[in-house]
Amino acid sequence: MTMQPSTEFHPRWYRTRVSTYWWMGSWRYLKFILRELSSVAVAWFVVMTLFQLRALLNGPDAYARFTHRLQSPWMIALNVIAFCFLLLHTITWFNLAPRAMPVRFGGKRVPEFLVAAPNYGLWVVASAGIAWFVLRTS
Amino acid sequence: MEIRSHDILLVGGGGAGLRAAIAAAEVNPKLSIAVVSKVYPMRSHTVSAEGGAAGVAKPDDSLDEHAYDTISGGDWMCDQDAVEAFVKDAPRELLQLERWGCPWNREPDGHIAVRAFGGMKKKRTWFAADKTGFHMLHTLFQTSLKYQPITRYDEWFVTKLLVDDGRVQGVVAIDVMSGKIQAITAKAVIVCTGGCGRIFPFTTNANIKNGDGMALVQRAGGPLKDLEFLQYHPTGLPFTGILITEAARSEGGYMLNKDGYRYLQDYNLGKPQAKPVLRSMELGPRDRLSQAFVKEDQKGRTIPTEYGSVVHLDLRHLGEKLINAKLPFVRELCLKYQNLDPVTELIPVRPVAHYMMGGISTDIHGATPLAGCFAAGEAACVSINGANRLGSNSLTECLVFGARAGRSAAEFAAGQEIPNGRVLAQATDEQKRLEQRYLRKTGGKERIATLREEMQKAVESGAGIYREQSTLTQAANKLRELQERYANISLDDHSQTFNTELTAALELGYMLDVAQSIVECALYRTESRGAHQRTDFPERDDKRFLAHSLVRRNSDGSLKVEYLPVKITRWPPGERVYGQEEKPGDAIKQAG
Amino acid sequence: MGRRKSRETQSSKRGDMADKIVLEIARYAPEKDEKPSFQSFEVPFRKEWVVLDALNHIKDRLDGSLTYRWSCRMGVCGSCGMMVNGEPKLTCATFLSSYGNGAKVRVEPLRYFPVIRDLVTALSDFLAKLQGVKPWLIRKDEPPLSAGEFLQTPEQLDLYKQFSMCINCTLCYAACPVVGLEPTFVGPAAIALAQRYNLDNRDQGAQERLGLLAHPEGIWGCTFVGECTRVCPKQVDPAGAIQQYKLKAALEWVKSFVLPRGHDDAGKEVRS
């Protein structure tokens with residue numbers, strides 16, 4: 001099916017330019033951008049973990065230098081901020097996941113929080129497990 | 001001015017228009033088909049229809065029964081050959097729509113589900129939740145997108161039918177976006193512009209229902225049929241006029257007066273039962289229910305509100321689960337526009353102008369007496385609805401007669417020459433007329449809104465549910481005065497780009513023409529039948545008026561009313577009986 | 001569906017005081033204006049009035065040149081979408097009372113669309129996108145009508161029903177920043193409509209549509225902002241449709257490596 005264009009006399013349509021700062025236009029857009037930025041925090045912790053592994057492999061001195069650097073106030077501040085973003089990332093991810101995967105049971109759609117809940121559950125269990133493992137030796 | 005040319009041109013892109021376009025494209029893929037609509041097709045008023053579309057579907061039902069229900073519901077004004085053709089095509093059309101993807105409600109085993117509807121003895125109304133018209137229109141629109149031969153002219157406002165050599169050869173239309181006035185010639189024109197509810201102050205109809213096609217055809221010399229038959233839907237929300245579908249009653253809703261009494265039992269509509277009984281009480285025909293409201297109001301048993309008196313529609317006993325499954329849109333509308341929840345509260349309703357049984361006179365193939373001009377849908381009058389339409393017949397009508405008109409037009413167009421260039425002169429004249437009378441005009445005094453509101457008041461008081469000689473005459477005089485004042489209209493908007501004040505002015509012109517014709521026909525019909533109730537002539541008069549009124553406009557602007565006998569084939573006129581126990585053989589027995 | 005209580009204001013309780021509300025409306029007449037400007041109108045404040053009633057009041061009595069689209073005024077035709085105080089809304093379903101007596105309400109044309117005039121936007125691009133996803137039932141075989149209807153259980157209907165409720169009001173396009181930044185992005189409503197057909201058990205065109213949409217201007221253009229779902233007046237959840245589609249597309253991509261070529265992905269049986 002073809003659509004006829006309007007005539008040669010084309011009234012001047014007005015097109016608004018979208019500003020580079022469009023994301024400051026509403027707090028919902030801002031929340032979205034922060035959520036997207038939080039993946040940087042994830043990447044940060046991955047890199048940190050890699051450095052930690054390398055320090056471990058290079059012996060106790062290297063590891064001691066590594067942990068010493070971690071204790072500087074800047075690093076602590078950075079890691080705290082990154083951790084907050086990591087939490088944001090995880091929570092928004094778990095909450096949005098059910099939208100991509102509608103689960104049906106008995107012909108009806110399972111409510112979203114019930115689909116998100118196992119994610120949280122697994123997170124808590126895994127975190128508890130790791131925490132116990134890490135903390136019991138000290 | 002550019003002239004474009006197509007084989008077939010549709011004026012209007014709603015249910016009937018799109019169905020006709022598809023039908024023509026399927027008959028002959030080599031045809032070029034234009035759909036010219038003043039709005040984008042998915043905005044057409046078909047979208048608001050809620051309840052359902054009727055077609056015989058179940059083994060316990062029969063075509064004859066559907067025909068009998070329709071004919072008796074129309075108080076025997078229906079052309080019976082047309083009704084027989086209609087009920088025969090109906091199931092196939094609805095099935096075709098299913099094949100195109102329409103999400104009809106289903107039984108648990110996957111077959112089509114049907115429900116009861118007013119005036120029907122058996123369940124035969126196919127439905128898609130309570131947004132049937134929406135789903136049908138979107139299915140038709142989306143399906144129409146795959147047909148290459150169909151070209152759409154969205155937001156082109158038709159102002160005139162081009163007539164030459166005794167046949168319709170195209171249209172003049174304003175390309176609203178740019179304001180350019182264009183001509184499109186065609187070998188056949190199909191008018192599917194819908195009804196004219198906006199002549200009433202309180203209506204379910206959208207802003208775009210202004211009787212465009214009816215006025216266009218009348219101005220081109222064609223006749224309009226049965227205009228005096230206007231349907232009031234018994235349940236509209238006060239103030240907005242938003243429709244609460246008949247399905248609410250077919251699922252079991254009760255109508256209560258101010259004492260909580262199911263008052264319909266006082267009006268020969270049967271005895272109240274707990275569950276809905278077909279063709280009885282709340283499932284009676286619409287004209288009788290609206291008339292019952294007026295009488296109840298006269299007795300002082302309705303509830304006064306700031307927007308007129310109302311009665312109550314009670315859905316509470318249906319339960320939340322059923323309402324959410326079968327009437328979710330009703331619930332949404334009540335919550336949003338009346339701030340109440342039908343699960344726990346009563347819905348205030350009153351009769352609201354809804355549908356025009358009358359329209360452009362056509363035969364059972366969709367052809368009008370004007371050569372080259374066809375019509376279908378609410379804009380047309382075949383007539384299958386007679387003096388009162390049964391709910392869920394009109395959506396099916398759009399499909400059945402849209403398809404028929406499309407096929408007829410395709411056949412007609414195949415035998416036609418390309419329209420001659422003489423129509424170009426008419427088109428240029430039309431352009432001059434629009435510029436002189438509307439766009440470039442200065443010094444006018446009348447505002448569109450003022451004239452429109454006075455027209456609506458006059459029509460409501462003169463041609464409402466109950467009419468009589470003096471009120472009709474008053475309305476006729478008022479409308480004549482308004483036509484004169486219309487010549488003095490002034491526009492604030494002289495722009496060319498998307499001038500909606502211009503289109504509103506043109507729509508007002510169409511509405512005045514149709515309103516005058518309605519009042520004229522109502523004056524001439526001195527009997528009461530179906531939706532046309534005269535308090536001064538309360539009886540049905542088959543001897544003189546078992547005939548359709550045909551109204552034409554003379555060149556001096558006056559109206560001429562003639563009569564065309566109704567085609568009776570197998571069902572001789574009888575009494576309309578509702579609410580009584582009918583044995584299943586009755587309908588067949590009554591057929592000849 | 002929650003209940004909305006209309007706000008009774010103090011003045012309206014007092015009765016006699018004329019209640020007013022001010023509408024600041026974007027005006028743009030291409031024949032004389034370079035760009036849009038705002039014009040204020042004072043309108044009576046009535047508790048049953050929606051923004052559309054106010055616009056009609058202005059056009060009927062104050063300024064007949066005010067230009068906007070509307071039709072059904074019951075939230076089903078999709079004509080009357082506009083930005084009201086920065087939010088995409090159907091003006092026939094937005095009550096003046098939610099802004100309060102004496103408030104200032106800003107009405108603008110839907111964002112991210114070209115403006116033809118005043119509050120009217122150009123929809124031709126949107127319609128082209130809609131048509132581009134092949135939004136019709138695609139069948140490889142077409143049994144004759146005498147074979148009856150395609151069977152579809154209520155559960156099967158439920159799978160796609162939500163996505164079939166779209167009224168094409170384009171509020172979602174006005175809410176989506178990707179539409180604003182990348183005008184070639186197919187957009188929420190079009191993709192949701194494609195998914196409506198993909199999930200319909202009677203349709204056999206899912207592969208075809210996947211080919212049309214699995215690219216950066218199709219489903220992969222979406223970054224799941226989620227605004228489209230929030231503003232949708234019919235709870236279609238286009239964001240959900242797109243994410244589900246992404247998951248499916250990703251699985252199809254994996255399958256294309258794992259499974260041998262020629263496997264039938266249509267997978268949707270029609271028992272007639």
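Cut-offs and rules
Residues numbered from 1 in each chain as written. Chains lettered and ligands numbered in written order. Predicted model: local features only at pLDDT ≥ 70, side-chain atom pairs only at ≥ 80, totals over all residues. Helix = DSSP H or I, 4+ residues; strand = E, 2+ residues; numbered from the N terminus. Rg over C-alpha atoms; globule rule 2.2 N^0.38 Å. Buried ≥ 20, exposed ≤ 12 C-beta atoms within 10 Å, placed from the backbone. Contact = placed C-beta atoms within 7 Å. Pairing = 2+ DSSP bridges. Nonpolar A, V, L, I, M, F, W, Y, C, P; charged D, E, K, R; others polar. Domains from an automatic or database assignment. Axes fitted to C-alpha atoms, helices over the stretch in contact; angles between N-to-C directions.

1. Examining the overall build of chain B
Point 1. Counting its regular elements, chain B contains 16 helices and 22 strands.
Point 2. For chain B, whose C-alpha radius of gyration is 23 Å, the value lies close to the compact-globule estimate of 25 Å for 592 residues.
Point 3. Projected onto the principal axes, the alpha-carbon positions of chain B cover approximately 65 × 50 × 50 Å.
Point 4. Every one of the 592 residues in chain B was classed for burial, and the buried ones make up 64%.
Point 5. In chain B, the proportion of contacts linking residues at least 24 apart, taken out of those at least 6 apart, comes to 75%.

2. Focus: the sheet that holds strand E3 (residues 53-54) of chain B
All names here are of chain B.
Point 1. What the three strands build is an open sheet, ordered E3-E5-E4; its pairing is antiparallel. Edge positions in the sheet fall to E3 and strand E4 (114-115), since each of these pairs with one other strand and no more.
Point 2. Pairing of E4 with strand E5 (residues 125-126), which is carried by two bridges, proceeds in the antiparallel orientation. The partner of Arg 115 across the bridge, within E5, is Thr 125.

3. Focus: the pairing of strand E4 (residues 87-90) of chain C
All names here are of chain C.
Point 1. Bridge analysis of strand E3 (residues 81-84) against E4 gives four bridges, and the strand direction is antiparallel. Note that in E4 the partner of Met 82 across the bridge is Lys 89.
Point 2. As consecutive antiparallel partners, E3 and E4 are separated by two residues, and within that stretch Asn 85 has a phi angle of approximately 50 degrees, a positive value.

4. Some points on the interface of chain B and chain C
Point 1. Counting residues at the interface gives 51 residues for chain B and 45 residues for chain C.
Point 2. When residues of the side of chain B that touches chain C are traced back to their parent elements, those giving at least two are helix H3 (80-99), helix H4 (132-144), helix H9 (328-338), helix H12 (448-462) and helix H14 (500-524) of chain B.
Point 3. Its residues assigned to classes, the side of chain B that touches chain C comprises 22 nonpolar, 16 polar and 13 charged.

5. So, the domain arrangement of chain B
Residues and elements named next belong to chain B.
Point 1. As far as domains go, chain B holds domain 1 (1-50 + 129-229 + 357-554) and domain 2 (233-354).
Point 2. Each of domain 1 and domain 2 has a C-alpha centre, and these two points are 31 Å apart.
Point 3. On the domain 2 side, the residues contacting the 18 residues of domain 1 number 23 residues.
Point 4. Each residue belonging to the side of domain 1 that touches domain 2 can be placed in one class, and the counts come to seven nonpolar, eight polar and three charged.

6. Focus on the sheet that holds strand E18 (residues 380-381) of chain B
All names here are of chain B.
Point 1. Sheet architecture is open: five strands sit in the order E18-E16-E10-E21-E22, paired in mixed fashion. Edge positions in the sheet fall to E18 and strand E22 (559-565), since each of these pairs with one other strand and no more.
Point 2. In terms of strand pairing, strand E21 (residues 547-553) meets E22 through seven bridges, oriented antiparallel. Looking at E22, one finds that Ser 549 is bridged to Tyr 563.
Point 3. Along the sheet face, helix H5 (residues 212-219) touches strand E10 (224-225), strand E16 (359-361) and E21 and points at about 40 degrees away from the line of E16.

7. Some remarks on unusual backbone geometry
Point 1. Of note, the bond from B:Val382 into B:Ser383 is cis; its omega dihedral lies within 30 degrees of zero at 5 degrees.
Point 2. Relative to the elements of secondary structure, B:Ser383 occurs in the loop between E18 and helix H10 (393-414).
Point 3. One non-glycine residue, B:Asp165, lies in positive phi territory at about 60 degrees.
Point 4. Structurally, the position occupied by B:Asp165 is in the loop between strand E7 (156-164) and strand E8 (167-175).
Point 5. On the neighbour-count criterion, B:Asp165 (13 C-beta atoms within 10 Å) is partly exposed.
Point 6. A positive phi angle, near 50 degrees, is found at C:Asn85, a position not held by glycine.
Point 7. C:Asn85 gets classed as partly exposed once you count the C-beta atoms within 10 Å, which come to 16.

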